[in-house]
Amino acid sequence: MPVDFEGDDLQQKLSSAGFQRTSAAFFTWLGVVPYLTRDAIDAMLGYIASIPNSEVVFDYAEPPETWSEDVKAYAAARMARLEKINEQWVSRFEPAGVAAILRSHGFDDMEDISFQQVVSRFGRDVQGLATGQVGVHVVHAKH
């Protein structure tokens, strides 16, 4: 089911697909957050938080000013490629900012894993990871 997180009513879309909000739910939201506005991110997290015993996993990117010079160069080239296909990263967050957003929605059990921690846990051969993703984090949060 396609969803426009910026414009669709998520509750309506999921309900029409048969989703029941009364059961615990796990949301995998990878590869989405960087493309959304803060309002859309807040709306989605608010919806997830309204479901009892809900969990979410998502990724986000830190702002470029936190990156080293070599990562900035790699990321600039990557962003240029993305812009050519009309994809633009809209949102970037500091880890403390992500934690604050999650807490504001009532998430109290959170783990924020940096790119370096992903590599150390799972090895350099994790499919899809590249050096240019040093500023990327993966978050698991429970409500």
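For the structure itself, look to the data block above.
Given the structure is predicted, the values throughout are model-derived calculations rather than measurements.

K.L.:
Please explain the nonpolar core as it appears in this structure.
P.N.:
Within the largest apolar cluster, 26 residues are counted, with the highest numbers of intra-cluster contacts made by Phe27, Trp29, Leu45, Val56, Phe58, Leu102 and Phe107. Of all elements in the fold, only helix H1 (10-16), strand E1 (26-29), helix H2 (38-49), strand E2 (55-61), helix H4 (95-104) and strand E4 (136-142) reach the threshold of two or more residues within this core. Considering each element in turn, this core owes the most residues, 7 residues, to H2. Dropping the residues within four chain positions of it, Phe58 is found in contact with Trp29, Leu30, Val33, Leu45, Val98, Leu102, His137, Val138 and Val139. With 5 residues, the next largest nonpolar core counts Ala61, Met79, Leu82 and Trp89 among its residues.

K.L.:
Whenever I open this one, unusual backbone geometry confuses me. Can you help?
P.N.:
A negative phi angle is the norm for most residues apart from glycine, just as the trans form is the norm for most peptide bonds. Unlike most non-glycine residues, Asn53 shows phi in positive territory, near 60°. For Asn53, the location among the structural elements is in the loop between H2 and E2. The exposure class of Asn53 is exposed, given its relative accessible area of 58%.

K.L.:
Even after reading the chapter, I still don't get the pattern of salt bridges, so can you show me in this structure?
P.N.:
Proximity of charged atoms lets side chains of opposite charge pair with each other. For the structure on display, the rule yields 4 salt bridges. For Lys13, the salt bridge is made with Asp8, and the minimal N-O distance between the two is 3.9 Å. Judged by its relative accessible area of 33%, Asp8 falls in the partly exposed class. Residue Asp109 is joined to Lys142 by a salt bridge in which the shortest nitrogen-to-oxygen separation is 4.0 Å. You can see Asp109 sitting in strand E3 (residues 109-114) and its partner Lys142 sitting in strand E4, a full 33 residues away along the chain. What makes Lys142 partly exposed here is its relative accessible area of 32%.

The rules behind these values
- Residues numbered from 1 in each chain as written.
- Predicted model: local features only at pLDDT ≥ 70, side-chain atom pairs only at ≥ 80, totals over all residues.
- Heavy atoms only, no water.
- Core = buried A, V, L, I, M, F, W, Y, C linked by side-chain atoms within 4.5 Å.
- Buried < 20%, exposed > 50% of the residue type's maximum accessible area, 1.4 Å probe, protein only.
- Helix = DSSP H or I, 4+ residues; strand = E, 2+ residues; numbered from the N terminus.
- Contact = heavy atoms within 4.5 Å.
- Salt bridge = Lys/Arg side-chain N within 4 Å of Asp/Glu carboxyl O.

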